[in-house]
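The chain contents come next:
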Amino acid sequence: AQMRALGAIPQVLAASEMYQAMQTGLVDGNENTESTFYDFKLYEVQKYLTLSSHGYVGYMVVANKKFWDGLPPDIRQIMEDAMVKTTTYANAVSQKANEAALEGIRKTGKTTVIALAPAEREEWKKVLRKTHEQMGDRIPKPLLQAIYKETGAAKP
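Residues numbered from 1 in each chain as written. Predicted model: local features only at pLDDT ≥ 70, side-chain atom pairs only at ≥ 80, totals over all residues. Heavy atoms only, no water.

K.L.:
Just to check I follow, could you spell out the overall build of the chain for this structure?
P.N.:
Looking only at helices and strands, the chain has 7 helices and 2 strands in total. Mapped from its N terminus to its C terminus, the chain presents α and β elements in the order α-α-α-β-α-α-β-α-α. Rg of the C-alpha trace for the chain: 19 Å, well past the compact-globule value of 15 Å for 156 residues, more than 25% over. Projecting the C-alpha coordinates of the chain onto the three principal axes gives extents of approximately 55 × 35 × 30 Å. A fraction of 63% describes how many contacts in the chain between residues 6 or more apart in sequence connect residues 24 or more apart. In the form shown here, the chain has an accessible surface area of approximately 11900 Å², with 56% of it arising from carbon and sulfur atoms. The averaged location of the 18 negative side-chain charges in the chain is 3 Å from the averaged location of its 20 positive side-chain charges. (Helix = DSSP H or I, 4+ residues; strand = E, 2+ residues; numbered from the N terminus. Rg over C-alpha atoms; globule rule 2.2 N^0.38 Å. Contact = heavy atoms within 4.5 Å. Areas by Shrake-Rupley, 256 points an atom, 1.4 Å probe, with all protein chains shown as cover. Lys, Arg positive; Asp, Glu negative; His and termini not counted. Charge placed at Lys NZ, Arg CZ, Asp CG, Glu CD.)

Right, here's the structure in full:
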C-alpha cells in the first residue's frame, strides 16, 4: 500500500533475487534497511538510495495466551523486563549496523544517497498516512495512536 501510494508498482521478491532483478532491469529499486542494502551489495546495481525513514522493521515475541497466563507473575515480569532490555539492545545494534552500512555505501561512490529535506519528509508523511486508514483492519486504531504519540508523528 505504501509503495502504491508513492506511485510505484510493488513486486514481492525473495531477498536472494533482488540483486539480479535490479541488475537485469526487472525492478527499478528496493525497500530495505541500509544494512541489507550494503550486505547484499545493492549499491552495485542501484544508482540512488533515498533515506525516507517511512517504515519500521520490528519483530515480536509471540506466546500462547494459556501458556503465558499460566506462568507465575514473577516469571512473567522477568520475561517482560528481559524483552524490553533485549529490544533496546537489539535496536542499538541495528542502528549502529545501519550507520556503518550507510558509511560503506557512501564510500563506494556507486550510489547517490538522498536525504529528504523537511518539506519532502512532510509530503511523504502526508501521502503515506492514507495507508494507515487502508490498513485499519490490520492495525488497531489504539495501537496506531500509540505509535503516533511515541514517534511524535501525531496525525493531523
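Additional details are given in the paragraphs that follow.
K.L.:
For this particular structure, what's the right way to read the nonpolar core?
P.N.:
Nonpolar side chains in soluble globular proteins tend to end up buried together. Met 18, Ala 21, Met 22, Val 27, Phe 37, Leu 42, Tyr 43, Val 45, Leu 49, Leu 102, Ile 105 and Val 113 form the largest nonpolar core, which has 12 residues in total. Secondary-structure elements contributing two or more residues to this core are helix H2 (15-23) and helix H5 (73-108). Here this core takes 3 residues from H2, the largest share from any one element. Aside from chain neighbours lying at most four places away, what touches Val 27 is Gln 11, Leu 13, Ala 21 and Met 22. (Core = buried A, V, L, I, M, F, W, Y, C linked by side-chain atoms within 4.5 Å. Buried < 20%, exposed > 50% of the residue type's maximum accessible area, 1.4 Å probe, protein only.)

K.L.:
Explanation requested: the confidence of the model for the chain in the structure shown.
P.N.:
Atom-level detail of predicted coordinates should not be read off regions where pLDDT is low. Averaged over all residues, the pLDDT of the chain is 92; the fraction at 70 or higher stands at 98%. Highest mean pLDDT in the chain belongs to strand S2 (residues 112-115) (97); lowest belongs to helix H7 (residues 141-151) (86). (pLDDT = per-residue confidence, 0-100.)

K.L.:
Got a minute to help me understand unusual backbone geometry in this structure?
P.N.:
Working note: non-glycine residues mostly have negative phi, and peptide bonds are mostly trans. Backbone geometry at Lys 41 places phi at a positive 55 degrees, although glycine is not the residue there. Mapped onto the fold, Lys 41 is located in the loop between helix H3 (34-39) and strand S1 (48-51). A positive phi angle, near 50 degrees, is found at Ser 53, a position not held by glycine. When you line up the elements, Ser 53 lands in the loop between S1 and helix H4 (65-70). Given a relative accessible area of 60%, Ser 53 falls into the exposed group.

K.L.:
What should I look at first to understand helix H6 (residues 118-134) in this one?
P.N.:
For an α-helix the count is 3.6 residues per turn, leaving residues at separations of three or four pointing the same way. Compared with an ideal rise of 1.5 Å per residue, which puts 17 residues at 24 Å, H6 spans 25 Å between its outermost C-alpha atoms and is within 8% of the ideal. What H6 keeps buried is the set Val 127, Leu 128, Arg 129 and Thr 131. In this structure, the buried residues of H6 make contact with helix H1 (2-5). (Expected span 1.5 Å × (residues − 1).)

K.L.:
What's the story with the environment of Ser 35 in this structure? I'm lost.
P.N.:
Tracing the sequence through the fold places Ser 35 in helix H3. Residue class for Ser 35 comes out buried when judged on its relative accessible area of 17%. Residues Ser 35 and Leu 102, 67 residues apart in the sequence, show an inter-C-alpha distance of 7.3 Å. Side chain to side chain, Ser 35 and Thr 33 meet in a polar contact 3.2 Å long. (Polar contact = N/O pair within 3.5 Å; in protein donor to acceptor, adjacent residues only side chain to side chain.)

K.L.:
I would appreciate a short explanation of H2 in the present structure.
P.N.:
All of the buried residues in H2 are Met 18, Ala 21 and Met 22. One face of H2 carries all of its buried residues, which in axial projection span an arc of 90 degrees. The exposed residues of H2 that point more than 90 degrees off its buried face are Ser 16, Gln 20 and Gln 23. Each element contacted by the buried residues of H2 is listed here: H3. Taken from the residues just after H2, Gly 25 is the one with a positive phi, measuring 85 degrees. (Arc of directions from axis to C-beta.)

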